[in-house]
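Given next are the chains, with one letter for each unit.
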Amino acid sequence: MKKIDIKLTVNGEQHEMAVAPGERLLDVLRERLGLTGTKEGCGEGECGACTINMNGQAVLSCLMLAVQADGATILTIEGLQKGADLHPLQEAFIGESAVQCGYCTPGMIMASDALIRNNPSPTQGMIRDALANNICRCTGYDRPVKAVLKAASQMKERKNG
Ligand code: FES
Ligand code: FES
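Residues numbered from 1 in each chain as written. Chains lettered and ligands numbered in written order. Predicted model: local features only at pLDDT ≥ 70, side-chain atom pairs only at ≥ 80, totals over all residues. Heavy atoms only, no water.

Engineer: What should I look at first to understand the packing of helix α3 (residues 105–118) against helix α5 (residues 142–159) in this one?
Structural biologist: For any two helices packed against each other, one specifies the crossing angle of their axes together with the interaxial distance. Put simply, α3 and α5 touch, their axes get as near as 11 Å, and they point 40° apart. The angle between the axes of α3 and α5 places the two elements in the oblique class. Our pair here, α3 against α5, has a crossing hand that is right-handed. Residues Met108, Ser112 and Ile116 of α3 lie in contact with α5, whose contacting residues are Pro144, Val148, Ala152 and Met155. Taken together, the residues that form the contact of α3 with α5 break down as six nonpolar, one polar and no charged. (Axes fitted to C-alpha atoms, helices over the stretch in contact; angles between N-to-C directions. Helix = DSSP H or I, 4+ residues; strand = E, 2+ residues; numbered from the N terminus. Parallel < 35°, antiparallel > 145°, perpendicular 65-115°, else oblique. Left-handed = near helix turned anticlockwise from the far one by under 90°. Contact = heavy atoms within 4.5 Å. Nonpolar A, V, L, I, M, F, W, Y, C, P; charged D, E, K, R; others polar.)

Engineer: Explain the pairing of strand β4 (residues 57–60) here, please?
Structural biologist: Residues in a regular strand point their side chains to alternate faces of the sheet. Pairing geometry for strand β3 (residues 51–54) and β4, over four bridges, is antiparallel. Note on β4: the bridge partner recorded for Thr51 is Leu60. Count of turn residues in the β3/β4 antiparallel hairpin: two residues, of which Asn55 carries a positive phi of about 50°. (Pairing = 2+ DSSP bridges.)

Engineer: Hey, could you run me through the sheet that holds β3 in this one?
Structural biologist: Strands belonging to one sheet form pairs held by backbone hydrogen bonds; the direction of such a pair is parallel or antiparallel. Taken in spatial order, the five strands line up as β2-β1-β5-β3-β4 in an open sheet, and their pairing is mixed. With one partner strand each, in any of the chains shown, β2 (13–19) and β4 form the two edges of the open sheet. Recorded for the sheet is a direction-independent mean angle of 40° between the axes of neighbouring strands. Running at roughly 115° to β2, helix α1 (residues 25–32) makes contact with β1 (4–10), β2, β3 and β5 (73–75) of the sheet. Packed onto the sheet, α3 meets β3, β4 and β5 and runs at close to 30° relative to β3.

Engineer: Just to check I follow, could you spell out the nonpolar core for this structure?
Structural biologist: Nonpolar side chains in soluble globular proteins generally cluster together in the buried interior. Counting 22 residues, the largest nonpolar core has Leu89, Phe93 and Val148 as the members making the most contacts within it. A total of six residues in this core trace back to one element, the largest contributor, which is α3. Among the nonpolar cores identified, the runner-up in size contains 17 residues, and Ile6, Leu25, Leu29 and Leu35 belong to it. (Core = buried A, V, L, I, M, F, W, Y, C linked by side-chain atoms within 4.5 Å. Buried < 20%, exposed > 50% of the residue type's maximum accessible area, 1.4 Å probe, protein only.)

Engineer: Whenever I open this one, the domain arrangement of the protein confuses me. Can you help?
Structural biologist: Domain parsing of the protein yields domain 1 (4–79) and domain 2 (88–159). Here the C-alpha centre of domain 2 lies 21 Å away from the C-alpha centre of domain 1. Contact residues are listed per partner, giving 17 residues for domain 1 and 14 residues for domain 2. Put simply, domain 1 and domain 2 have zero salt bridges between them. The interface formed by domain 1 and domain 2 holds six residue pairs in polar contact (both at pLDDT 80 or more) in total. Looking at the side of domain 1 that touches domain 2, the elements that each hand over two or more residues are β3 and β4. Looking at the side of domain 1 that touches domain 2, the element that brings in the most residues is β3, giving three residues. Each residue belonging to the side of domain 1 that touches domain 2 can be placed in one class, and the counts come to six nonpolar, eight polar and three charged. (Domains from an automatic or database assignment. Salt bridge = Lys/Arg side-chain N within 4 Å of Asp/Glu carboxyl O. Polar contact = N/O pair within 3.5 Å; in protein donor to acceptor, adjacent residues only side chain to side chain.)

Quick look at the structure:
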């Protein structure tokens, strides 16, 4: 089948590649670019494990074709950390013990990152709504919600000096 040329900016790096028409963005990220932090759970839009940030919005990469992402700017969990410094969300998830097996964590953090970028002062209700499509089988939701509240407040403090 004829391949289609696409361009993606992923975690600040530009990539050009030829993809099959049915190739999923999730597979491009994990298999072609080696960014295995983005997880596959259900593969059908139900669990949120594959959540990434595309053009500033949380997107389920298992439901997105790579061709649909042509020209997009994508951030994955690998792109959040700055050098050796974890992102405040990553620090808060660790600090609040919001990670057990960790399989859902990259998706939860990317959904939370998109929320905070669009609303730096989310309420608990907004966080719960933003994480409503991210299923966690071990930690539950109270600790992740606390972690997001903490990270948002730390990010605001750092911004305000
Ligand atoms: S793997 Fe994409 S929503 Fe579950
Ligand atoms: S920490 Fe295991 S599924 Fe969420």
